Amino acid sequence: MFAGTGSDVGKSVIAAAFCRIFRQDGYTPAPFKAQNMALNSFATIDNLEIGRAQAVQAEAAGIPCHTDMNPILLKPQSDHTSQVVLNGKPIGNQDAYAYFRGQGKDYLRREACEAFDRLAAHYNPIVLEGAGSISELNLRDRDIVNMPMAHHADAAVVLVGDIDRGGIFACLYGSMMLQTPKDKNRIKGIIINKFRGDLHLFDEGRQMIEHLCGVPVLGVVPYLHDIGIEQEDSVVTDKMQGRLMADKVNIAVVRLRHMSNFTDFDALDINPCLNMFYTTDKQMLAQADIIIIPGSKSTIDDMLFLRETGLDQAICQAYDNGHTKVVGICGGYQLMGKHIADPECSEGTLTHIDGLGLLPVSTTLTNDKHTCQSAFTIDGCSTVLHGYEIHTGITRPVEGCHITPLVTKTDGTTDGCLLNSRCMGTYMHGIFDNADFCNFLLGKSITSTDYRQYKETHYNRLAAHVRHHVNMQLVYQILNDD
């Protein structure tokens, strides 16, 4: 298990690296995280939902993702409530206080342990990932993802700390000293992540940490720039500074309050012909060549957000000016329609709101979630493309209107709405991973990267980087001794 001194220390990426390393070394690894909190999710082959990080780790391991790899997924809907997804299916919403006070935790812990046991019967080793910090004392008796899961799995725990944020000595030593003797005994080593500068300058610091913590530092992993591994948390988008570039196609992704599945745009970000950025700046939207409205976990609240900030008018004006194209993905597709109804109050107390009105469709939200992987074609292209759907709600043409679907699935059903070459929407996540759709949207062929091959290259690059800076001989010794 890779446990952390805190959130965003790099546990997910380190776990992905070890999934690839173990695969390269002839093993059959699989990832596991008992409980994940993220808006970035993925659809399994059997039409269920899993956290994106475990889907990425499964890809690094070279196996199909399965809900047993992430049996509990929490999808925040507000600052206080989350949708609880158990074994790939939503079982309802719960406020944070009730959830983290332990209501139903025995049942969820049992489900998580059973999922691990099923996974461990088919794969070896299992690469577990903890959540947040392992030293949250007020949550210890209700924790189902960190040390209690390590004990159930009989896992050797590696503590991961982020030296880039500072305070690495206090973080590592404090995390160790706050463990019970039983938990502390299970921690077998430390990985210091995101190091910048000359590694030799930290030799003394490494020795100090080993002396203080009583376990070996397995490696000091330098910060790896431009690593093409899909990230789990939308915190990465907060670090992206958008600017317009005259020599590229400028693509502005609207930074919604409840944006989900931001990995939809990773393939655009790596394309040398495109300049993709996240923004809420009206002037940048006005000057963008393409505006993308992304997925949302709370569509109605994000429509209110667009209206309160004036972004709704900025988007519509950019389209009306005749230069900018507008594309909606999932929740963004719903926002582009005439109306959004929520008769079951699945998102709150508001039962109806007007949308942007760019597409002649209306959406009725429901408590039922549609999750699947999809193969499809687009007009004028015979190549079969691939994506996935995760959404609640049904979108239909407004009364009296006939719409042209954007995609036709291989099962004969259709999805989305193509108003014209400058205005369209779809429920299909991952659609930009397909170069043919990007060319369709742009109206021209551009230099493109095979995104699947790109990811494979970067899994191997990440694995080589971690292997070089981690004592793998000691890692295997720890696993064998354990």
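Residues numbered from 1 in each chain as written. Predicted model: local features only at pLDDT ≥ 70, side-chain atom pairs only at ≥ 80, totals over all residues. Heavy atoms only, no water.

Observations concerning helix H16 (residues 451-469)
Spanning 19 residues, H16 covers 27 Å between terminal C-alpha atoms, matching the ideal 27 Å at 1.5 Å per step. Among all positions in H16, only Tyr451, Tyr454, Lys455, His458, Tyr459, Leu462, Ala463, His465, Val466 and His469 are buried. Structurally, H16 contributes buried residues whose contacts are with helix H1 (11-24), helix H2 (52-61), strand S12 (217-222) and helix H10 (266-269). With a side-chain oxygen positioned 3.2 Å from the backbone nitrogen of arginine 452, the residue opening H16 is aspartate 450. (Helix = DSSP H or I, 4+ residues; strand = E, 2+ residues; numbered from the N terminus. Expected span 1.5 Å × (residues − 1). Buried < 20%, exposed > 50% of the residue type's maximum accessible area, 1.4 Å probe, protein only. Contact = heavy atoms within 4.5 Å. Polar contact = N/O pair within 3.5 Å; in protein donor to acceptor, adjacent residues only side chain to side chain.)

Examining the sheet that holds strand S1 (residues 2-4)
Strand order in the open sheet formed by four strands is S1-S10-S11-S12, and the pairing between neighbours is parallel. Every interior strand has two partners, whereas the edge strands, S1 and S12, have only one. Within this sheet the neighbouring strands show an average axis-to-axis angle of 25°, counted without direction. Across four bridges, the pairing between strand S11 (residues 187-195) and S12 is parallel. Across the sheet, the residue bridging to phenylalanine 195 is proline 222, located in S12. Strand contacts of H1: S1, strand S10 (157-162) and S11, with the helix running at about 165° to S1, the strand carrying the most contacts. (Pairing = 2+ DSSP bridges. Axes fitted to C-alpha atoms, helices over the stretch in contact; angles between N-to-C directions.)

Remarks on a nonpolar patch on the surface
Together, Phe169, Tyr173, Met177, Met208 and Leu212 line one region of the surface with nonpolar side chains, adding up to about 420 Å² of accessible area. Elements supplying a minimum of two residues to the nonpolar patch: helix H6 (168-177) and helix H8 (203-213). Ranked by residues supplied to the nonpolar patch, first place goes to H6 with three residues. Here methionine 208 is to be found in helix H8. (Patch = residues over 30% accessible without salt bridge, like charges linked within 9 Å, V, L, I, M, F, W, Y side chains within 5 Å. Areas by Shrake-Rupley, 256 points an atom, 1.4 Å probe, with all protein chains shown as cover. Salt bridge = Lys/Arg side-chain N within 4 Å of Asp/Glu carboxyl O.)

Purely geometric numbers; function is a separate question.
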